[in-house]
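Working through the structure, step by step
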Amino acid sequence: MYRQHFPEAPGMHNMQDQHPTGTTRTTFRRQPTFGERVKNGLVAFLAGLALLATASYLLFWNEGRAVKTSKSLHEGINLVRNFQSFEVAFKENNGKLIYVHGPLRADKAVHDAEYDITVNAIKLKRHVEMYQWVEIESKREFEEDGQTRVETSYSYTQKWSSELTSSSSFHNPNGHHNPQSFPVTSKEDIAANPRVGNFHLSVGLTEKISDFQKFFPKSAPANKEVILHDGDFYHGINPLRPQIGDLKVTFSYAGLTDDSEKADTVSVIARQMGTNLLSYQTTIDGYDIELLYMGEHTPQEIFDKQLAHNTLVTWAFRFGGWLMMFIGFGCLTNIVTTLVDWIPILRDIIVLGVNMMNVCLSISLSLTIISISWIMYRPMIGMTILMIGISPFVWSRRRVNQSRYRSV
């Protein structure tokens, strides 16, 4: 039965060479002179200064953002009103920060007319992929007679991709042509008038409904020549042996409404205006509260999740700022390693020492900038971090003074 429906599917009877073909291009690049390396080192020095300035601003901004976000969330914890009913909006709560949980609702089911898909949900997403040629580039470099031989290999394989790959930019486009456009495009439909109970959700709250689940159609649409395979609509001859230009269309949904067999429940903290739920502006300028979580959560659980997320984001920015600092110091000291590049043993020792110094400098400067920001909000914590940040400089200064004293 399998072979009757898919006679060209891979198997022992029709195994073919499926290794991707490719080409190799060889070029030569002369070694830069000592003067050119010094010039490049000076350019790297300027780039390093720019990186240090950017990293300093990022670290300073991040600490202020973290403190203000934390303060606005704690303000919300103290102000939120636990609203038990999701059916009636009381006027005395207008303009107040309220908590409400209940089933999702919408005026009607969300619908994709092109494939005749209807789901009782807030969102319906169509994801389209095309089978295309993809170019893989790899390089190898060899030192030969004072110059560098560069071997660039180009191989070609076929894969599913939701992004259009232009074959005109391939090194060898012959035999690797891709279609120039998608016959069908991806899109996302949102149901009209999404609500929790009888409270209308704002655009910002609706965007937070994003727990997409794959939708499995029961049959292919009558108006299209497609094959239903493993829950996907397949545009082509054989889904087990795709050809260039074939399409695979997948549908997914998020936020089942109470018109379905099992409606999703959401927990919302936002500002009530009549029957609308909008963002709540805190006393911290530029920081508002507009929270939605799938499932039933208490107000305290929601704010705890937000505080944990704020901590995670803060440390991510801190790491990013430190990394930029480290790269910046690496650019600044590039000129040092360039000057000794022609002495292999000395070069390796100096490179190791310079890298260790760059690590210490980037950590110390990052802590110093973080502490300056904290001094503005929490002086005691800021001063403590500042002492830790400048301690390597103080220690090294004392070591230099002790050495001078002994030499005298």
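What comes next is a walk through the structure. Here the structure is a predicted model, which means the values were calculated and not measured.

**Re the overall build of the protein**
Summing up its helical and strand segments, the protein has seven helices and 19 strands in all. Put simply, 70% of the contacts in the protein that link residues at least 6 apart link residues at least 24 apart. When the accessible surface of the protein is summed, it comes to about 24,000 Å², and 58% of that surface belongs to carbon and sulfur atoms.

**Things to note about the pairing of strand S13 (residues 232–235)**
Neither face of S13 is exposed, since Asp232 and Tyr234 on one face and Phe233 and His235 on the opposite face are all buried. Where strand S12 (residues 227–229) lies against S13, three bridges are found, and the strand directions are antiparallel. When the sheet's bridge partners are listed, isoleucine 227 is paired in S13 with tyrosine 234. The pairing of S13 with strand S14 (residues 247–256) spans three bridges and is antiparallel. Bridged to tyrosine 234 within S14 is lysine 248.

**Re the pattern of salt bridges**
Two side chains bearing opposite charge may form a pair once their charged atoms approach each other closely. Summed over the entire model, instances satisfying the criterion amount to eleven salt bridges. One salt-bridge network, held together by shared partners, links Asp112, Glu114, Arg126 and Lys224.

**Here's the deal with unusual backbone geometry**
A positive phi angle, close to 55°, is found at aspartate 116, a residue other than glycine. Along the chain, aspartate 116 falls in the loop between strand S4 (110–112) and strand S5 (117–119). Even without being a glycine, asparagine 193 presents a positive backbone phi close to 55°. Mapping asparagine 193 onto the fold places it in the loop between strand S8 (187–190) and strand S9 (195–196).

**Let's talk about a nonpolar patch on the surface**
Together, Phe45, Leu46 and Leu49 make up an exposed nonpolar region whose accessible area comes to about 280 Å². Here leucine 49 is to be found in helix H2 (residues 34–79).

**Comments concerning the pairing of strand S3 (residues 97–105)**
Buried residues dominate S3, accounting for nine of its nine residues. Note: strand S2 (residues 81–82) against S3, two bridges, orientation parallel. In the sheet register, asparagine 82 faces S3, and the bridge partner there is tyrosine 99. Of the strand pairs in this sheet, S3 and strand S15 (residues 265–273) are connected by seven bridges, and their pairing is antiparallel. Opposite proline 103, over in S15, you have threonine 265 as the bridge partner.

**Here we look at the packing of aromatic side chains**
The final tally for this structure, using the stated rule, is nine aromatic pairs. Relative to phenylalanine 170, the ring of tyrosine 156 lies with its centre 5.6 Å away and its plane at 55°, an arrangement referred to as tilted. Of the two residues, tyrosine 156 sits in strand S7 (residues 147–161) while phenylalanine 170 sits in the loop between S7 and S8, which places them 14 residues apart along the sequence. Neither residue differs from the other here; tyrosine 156 and phenylalanine 170 are each classed as buried. A cation over an aromatic ring shows up here: lysine 125 above the ring of phenylalanine 212, its NZ or CZ 4.0 Å from the ring centre.

**Digging into the nonpolar core**
Core analysis: the largest hydrophobic core is formed by 36 residues, its most contacted members being Ile117, Val119, Val196, Leu201, Phe251, Val268 and Leu277. Here this core gets six residues from one element, more than from any other, and that element is S14. Beyond its immediate chain neighbours, meaning those up to four positions away, isoleucine 117 contacts Val110, His111, Asp112, Leu124, Phe215, Pro217, Phe233 and Phe251. Grouped together as the second largest cluster of nonpolar side chains are eleven residues, Val80, Tyr99, Phe303 and Leu307 included.

Quick notes on the rules
Residues numbered from 1 in each chain as written. Predicted model: local features only at pLDDT ≥ 70, side-chain atom pairs only at ≥ 80, totals over all residues. Heavy atoms only, no water. Helix = DSSP H or I, 4+ residues; strand = E, 2+ residues; numbered from the N terminus. Contact = heavy atoms within 4.5 Å. Areas by Shrake-Rupley, 256 points an atom, 1.4 Å probe, with all protein chains shown as cover. Buried < 20%, exposed > 50% of the residue type's maximum accessible area, 1.4 Å probe, protein only. Pairing = 2+ DSSP bridges. Salt bridge = Lys/Arg side-chain N within 4 Å of Asp/Glu carboxyl O. Patch = residues over 30% accessible without salt bridge, like charges linked within 9 Å, V, L, I, M, F, W, Y side chains within 5 Å. Phe/Tyr/Trp six-rings, centres within 6.5 Å; stacked < 30°, edge-to-face > 60°. Lys NZ or Arg CZ within 6 Å of the ring centre and 35° of its normal. Core = buried A, V, L, I, M, F, W, Y, C linked by side-chain atoms within 4.5 Å.

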